[in-house]
Amino acid sequence: MTRIISPSMLSADFGNLERDTKMIDRSAAEWVHIDVMDGVFVPNISFGFPVMKPIRKATDKVLDVHLMIVEPEKYVKRFVEAGADYVTFHIEATEKCDECIELIHAAGAKAGVSIKPATPASVLKDILAKVELVLVMSVEPGFGGQSFMPASLDKVRELKALRDEMELDFLIEIDGGISSKNAGEVFAAGCDAVVAGSAVFGAADPEAEIVKILEA
């Protein structure tokens, strides 16, 4: 079974972004998670295109960009141009879901779709064949350091069952409250990739913590 960890740069030290990105580059992590927030879709603002460039320059690893912004179709192409390998948008944030996916693919990246805790996995059924990634939020999007919502694992199991039933191969990712304490249960439920922010960057030895999460 696939096990990918995508450490979230939202929990990195913004004053030492290059240092923290290079730490991930040395580590066992395969992806780097970049949370983009607009203060409208979620009640917080993070970073955008200018911050993507130094991160892209500091690592060759997969840039896993999670857009928590309204009307993502206006911006997805620019995120690909800034170095994103995966661009994930929220289904709740756009009425142009198919257009978003098409724009991401046309720009040369893989498309992901995300759902908030209150959104059922069933709303994704019609687009699962069009995306390479589904991101399940296991906390309310917008802030780091929240507690994991166990009910999110039911969505993961449902998505895994749909993937098997429909003979698809999209990856299932989860974001929110992930640590070495619950990563084993999360991977067992069917997740291929986990996002971890506070657990990695708050650890005394972040590289060792990444290995602990992967081996949980």
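This part covers the overall build of the protein chain. Helix and strand counts for the protein chain stand at eight helices and eight strands. Radius of gyration (C-alpha) of the protein chain: 16 Å, near the 17 Å computed for a compact globule of 216 residues. If one aligns the C-alpha atoms of the protein chain with their principal axes, the spans along those axes are about 45 × 35 × 30 Å. For the protein chain, the distance from the average position of its 22 positive side-chain charges to the average position of its 35 negative side-chain charges is 3 Å.

This brings us to the pattern of salt bridges. If you walk through the whole model with that rule in mind, you get twelve salt bridges. Among the salt bridges present, the one from K74 reaches E71, with a minimum N-O distance of 3.1 Å. E71 gets classed as partly exposed once you look at its relative accessible area, which sits at 37%. Between K77 and E81 there is a salt bridge; the shortest N-O distance is 4.0 Å. Of this pair, K77 and E81 both sit in helix α3 (residues 76–81), four residues apart, roughly one helical turn. Owing to a relative accessible area of 48%, K77 belongs among the partly exposed residues under this scheme. Overlapping salt bridges, with partners in common, bring together D13, R19 and D20 in one network.

Glancing now at the sheet that holds strand β5 (residues 110–115). The parallel open sheet is built from eight strands, whose spatial order is β1-β8-β7-β6-β5-β4-β3-β2. Because the sheet does not close on itself, it has two edges, and the strands there are β1 (4–7) and β2 (31–37). When the angles between neighbouring strand axes are averaged without regard to direction, this sheet yields 25°. When strand β6 (residues 133–137) meets strand β7 (residues 171–175), the two strands line up parallel, connected through five bridges. Of the residues in β7, the one forming a bridge with V136 is I174.

Core analysis: the largest hydrophobic core is formed by 63 residues, its most contacted members being I5, M9, I34, L124 and I174. Here M9 is in contact with F14, L17, D20, T21, I24, V32, H33, I34, F47, I55 and F201, once residues within four sequence places are set aside. Judged by nonpolar contacts, the second largest core, of six residues, contains I4, W31, Y86 and L133.

Moving on, we come to the packing of aromatic side chains. Think of a pair of aromatic rings as described by two things: how far the centres are apart, and how the planes are tilted against each other in angle. Scanning the entire structure with this criterion turns up three aromatic pairs. With a centroid separation of 5.2 Å and 50° between ring planes, the pair formed by F14 and F47 is classed as tilted. You can see F14 sitting in the loop between β1 and α1 (17–26) and its partner F47 sitting in the loop between β2 and α2 (49–58), a full 33 residues away along the chain. We classify F14 as partly exposed; its relative accessible area is 45%. The class of F47 is buried, set by a relative accessible area of 8%.

Turning next to the packing of α1 against α2. In contact at an axis separation of 9 Å, α1 and α2 are set at 40° when each is read in the N-to-C sense. Relative to α2, the element α1 lies oblique. Helix-helix and strand crossings are classified by hand; for α1 and α2 the assignment is right-handed. Side by side, α1 and α2 meet where L17, E18, T21, K22 and D25 of the first sit next to V51, I55 and A58 of the second.

About the thresholds
- Residues numbered from 1 in each chain as written.
- Predicted model: local features only at pLDDT ≥ 70, side-chain atom pairs only at ≥ 80, totals over all residues.
- Heavy atoms only, no water.
- Helix = DSSP H or I, 4+ residues; strand = E, 2+ residues; numbered from the N terminus.
- Rg over C-alpha atoms; globule rule 2.2 N^0.38 Å.
- Lys, Arg positive; Asp, Glu negative; His and termini not counted.
- Charge placed at Lys NZ, Arg CZ, Asp CG, Glu CD.
- Salt bridge = Lys/Arg side-chain N within 4 Å of Asp/Glu carboxyl O.
- Buried < 20%, exposed > 50% of the residue type's maximum accessible area, 1.4 Å probe, protein only.
- Pairing = 2+ DSSP bridges.
- Axes fitted to C-alpha atoms, helices over the stretch in contact; angles between N-to-C directions.
- Core = buried A, V, L, I, M, F, W, Y, C linked by side-chain atoms within 4.5 Å.
- Contact = heavy atoms within 4.5 Å.
- Phe/Tyr/Trp six-rings, centres within 6.5 Å; stacked < 30°, edge-to-face > 60°.
- Parallel < 35°, antiparallel > 145°, perpendicular 65-115°, else oblique.
- Left-handed = near helix turned anticlockwise from the far one by under 90°.

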